[in-house]
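Residues per chain, in single letters:
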Amino acid sequence: MSSIDIVRLRRTTVSSCPVRKANLKNPAVERSNPNWARNRQALANCAVGFDKDAIGGKYGRIYVVTTSSDDPTNPKPGTLRYGVIQTQPLWIVFAKDMVITLKNELIMNSFKTIDGRGAKVEIAYGPCITVQGVSHVIIHGISIHDCKPGKSGMVRSTLNHVGHRLGSDGDSISIFASSHVWVDHCFLSRGADGLVDITHASTAVTVTNNYFSQHDKVMLLGHNDKFTADKIMKVTIAFNRFGAGLIERMPRVRFGYAHVANNRYDEWKMYAIGGSANPTILSEGNYFIAPTNPDAKQVTKREAYGGWKNWKWRSSKDVLQNGAYFIQSGWGSCYPMYTRTQKFKVSPGSMVPSLTSNAGPLRCIVGKAC
């Protein structure tokens, strides 16, 4: 099969998500669509929350990754890098199982979907993914682990542009000054820096159905305490499983708004949800299992130099196990101002073990429900 398949996107009204349970409206619970491989782009209809409108490569052609090789400056057709730097929309899939070790950070262009369904795809042991200054990106169904810092050097970002990069921090996924980004059904672990970092006025981001494990600083929202442009940030974090070996930042938020809903927290070493610079956080229907350490039972951590009593941090329908406790603050409503299409049902925290049972990449087989 050629790298850019001549088969165009099927224009169809089918909007089946990879896994769905209609009464919960969570596209991550019950496998139900045996025809997913014939209409992969229907996945773009399945996001919830602030990134509901992300389309990725929905209106583009299928591009098939056939090799795990990588060249940061002159990528060859058939490689992942060659697909993500194209200027036209593309839906990127994989011809076979592969482990891709990038030689420098992978800089994505707008209107791209990385869809790992049907193969076991890992990006590991090198620099990983950078989403910078772009929009409409979907990353679905891959494992990203053991990421390393990128080196200073030349990296191609489009067919017509190769530029000097100063090096990357070693994030698994770095979302920088971007919008309409959806990270879904991925496995993320053991990065050199963050697993998912969302900074520099990025907004309209949804992080759902992922499995996180074995890492220190998991997820950062906001660049630093002086970067006030992050006030526009709106992020939905839902249906994820924060597994064993995690320490902190699930997430850590600055300035912006985070709706943290129906996630499972198996443990944390320091805290689960933290922040500084007066962010707004709604923790809704989560399932928190505190660590055995009696000094680390608190879910929340605030870093404040002028007081935090007015910060809007709320807990609603959360389940708090093994002595976990959430310190609330602020007054007035802090529910997300979702549009009609962005809204989704948030279940009581008691439902979360079931809701997150399929977190991480799905083992999808062509012709079978997924």
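Attention in this report is confined to the structure presented alongside it. (Residues numbered from 1 in each chain as written. Predicted model: local features only at pLDDT ≥ 70, side-chain atom pairs only at ≥ 80, totals over all residues. Heavy atoms only, no water.)

1. Topic: the overall build of the protein
When you go through the protein residue by residue, the secondary structure sums to two helices and 33 strands. At 20 Å, the protein has a C-alpha radius of gyration in line with the 21 Å of a compact globule built from 370 residues. Dimensions along the principal axes, computed over C-alpha positions, put the protein at roughly 55 × 45 × 35 Å. Surface accessibility of the protein: about 14,500 Å² in total, with carbon and sulfur atoms responsible for 51%. (Helix = DSSP H or I, 4+ residues; strand = E, 2+ residues; numbered from the N terminus. Rg over C-alpha atoms; globule rule 2.2 N^0.38 Å. Areas by Shrake-Rupley, 256 points an atom, 1.4 Å probe, with all protein chains shown as cover.)

2. A word on the state of the cysteines
Counting across every chain of the model gives two disulfides. Note that cysteine 128 is cross-linked by a disulfide to cysteine 147, the S-S spacing being 2.0 Å. Between cysteine 128 and cysteine 147 the sulfur-sulfur dihedral comes to about -90 degrees; the bridge is accordingly left-handed. Within this pair, whereas cysteine 128 is found in the loop between β8 (121–124) and β9 (129–132), its partner cysteine 147 is found in the loop between β11 (143–145) and β12 (153–158), the two being separated by 19 residues in sequence. With a relative accessible area of 2%, cysteine 147 lands in the buried category. For cysteine 364, the disulfide goes to cysteine 370, at an S-S distance of 1.7 Å. (Disulfide = S-S within 2.5 Å. Buried < 20%, exposed > 50% of the residue type's maximum accessible area, 1.4 Å probe, protein only.)

3. Describing the environment of glycine 245
Note that glycine 245 resides in the loop between β23 (241–242) and β24 (246–248). C-alpha of glycine 245 to C-alpha of isoleucine 114: the two residues are 131 residues apart in sequence and 27 Å apart in space. Beyond its immediate sequence surroundings of up to four residues, glycine 245 is in contact with Gln214, His215 and Glu267. (Contact = heavy atoms within 4.5 Å.)

4. Quick word on the sheet that holds strand β5 (residues 98–100)
Ordered in space as β5-β8-β11-β16-β19-β23-β27-β30-β33, the nine strands form an open sheet in which the pairing is parallel. Looking at which strands have only one partner, the edges of the open sheet turn out to be β5 and β33 (319–321). Of the pairings in the sheet, the one linking β8 to β11 comprises three bridges and is parallel in character. Paired with glutamate 122 across the strands is serine 143, a residue of β11. (Pairing = 2+ DSSP bridges.)

5. A word on the side chain of arginine 117
Along the chain, arginine 117 turns up in the loop between β7 (112–115) and β8. Reaching out from arginine 117, the side chain makes a polar contact with the side chain of aspartate 115 at a distance of 2.8 Å. (Polar contact = N/O pair within 3.5 Å; in protein donor to acceptor, adjacent residues only side chain to side chain.)

6. A closer look at the side chain of serine 157
Positionally, serine 157 belongs in strand β12. Exposure remark for serine 157: the relative accessible area of 17% places this residue in the buried category. When neighbours within four sequence positions are excluded, serine 157 is seen to be in contact with Ile85, Ile107 and Asn109.

7. Notes on unusual backbone geometry
Between methionine 250 and proline 251 the backbone carries a cis peptide bond, its omega angle lying at 5 degrees. Inspection of the secondary structure puts proline 251 in the loop between β24 and β25 (252–254). At asparagine 322, a position not held by glycine, the phi torsion is positive, near 55 degrees. Of note, asparagine 322 is situated in the loop between β33 and α2 (352–355).

8. Some details on the environment of serine 357
As for its position among the elements, serine 357 is in the segment after α2. The spacing of serine 357 and serine 179 is 178 residues in sequence and 28 Å in space, taken between C-alpha atoms. Polar contacts involving the side chain of serine 357 include one to the main-chain carbonyl oxygen of serine 354, which spans 2.9 Å.

9. Here's the deal with the pattern of salt bridges
Going through the model one piece at a time under the given rule, you end up with twelve salt bridges. Glutamate 303 is the salt-bridge partner of arginine 252, the closest N and O atoms lying 3.1 Å from each other. One end of the pair, arginine 252, is in strand β25; the other, glutamate 303, is in strand β31 (residues 300–303), with 51 residues separating them in the sequence. Exposure remark for arginine 252: the relative accessible area of 2% places this residue in the buried category. According to the relative accessible area criterion, glutamate 303 is partly exposed, its value standing at 27%. (Salt bridge = Lys/Arg side-chain N within 4 Å of Asp/Glu carboxyl O.)

10. Regarding the nonpolar core
Core analysis: the largest hydrophobic core is formed by 63 residues, its most contacted members being Leu80, Ile129 and Phe212. Excluding anything up to four places from it in sequence, isoleucine 129 contacts Leu106, Met108, Ile123, Ile139, Ile142, Ile144, Asp171, Ser172, Ile173 and Ser174. One finds Tyr257, Leu282, Tyr338 and Leu355 within the second-largest nonpolar core, a separate group that totals twelve residues. (Core = buried A, V, L, I, M, F, W, Y, C linked by side-chain atoms within 4.5 Å.)

11. Quick look at the pairing of strand β29 (residues 280–284)
Burial of β29 is extensive: five of the five residues sit out of reach of the surface. Neither face of β29 is open: one carries Thr280, Leu282 and Glu284, the other Ile281 and Ser283, and all of them are buried. Note that β29 and strand β32 (residues 313–316) share four bridges and pair parallel. Note that in β32 the partner of leucine 282 across the bridge is arginine 314.

Shape is all these values report; function is a separate question.
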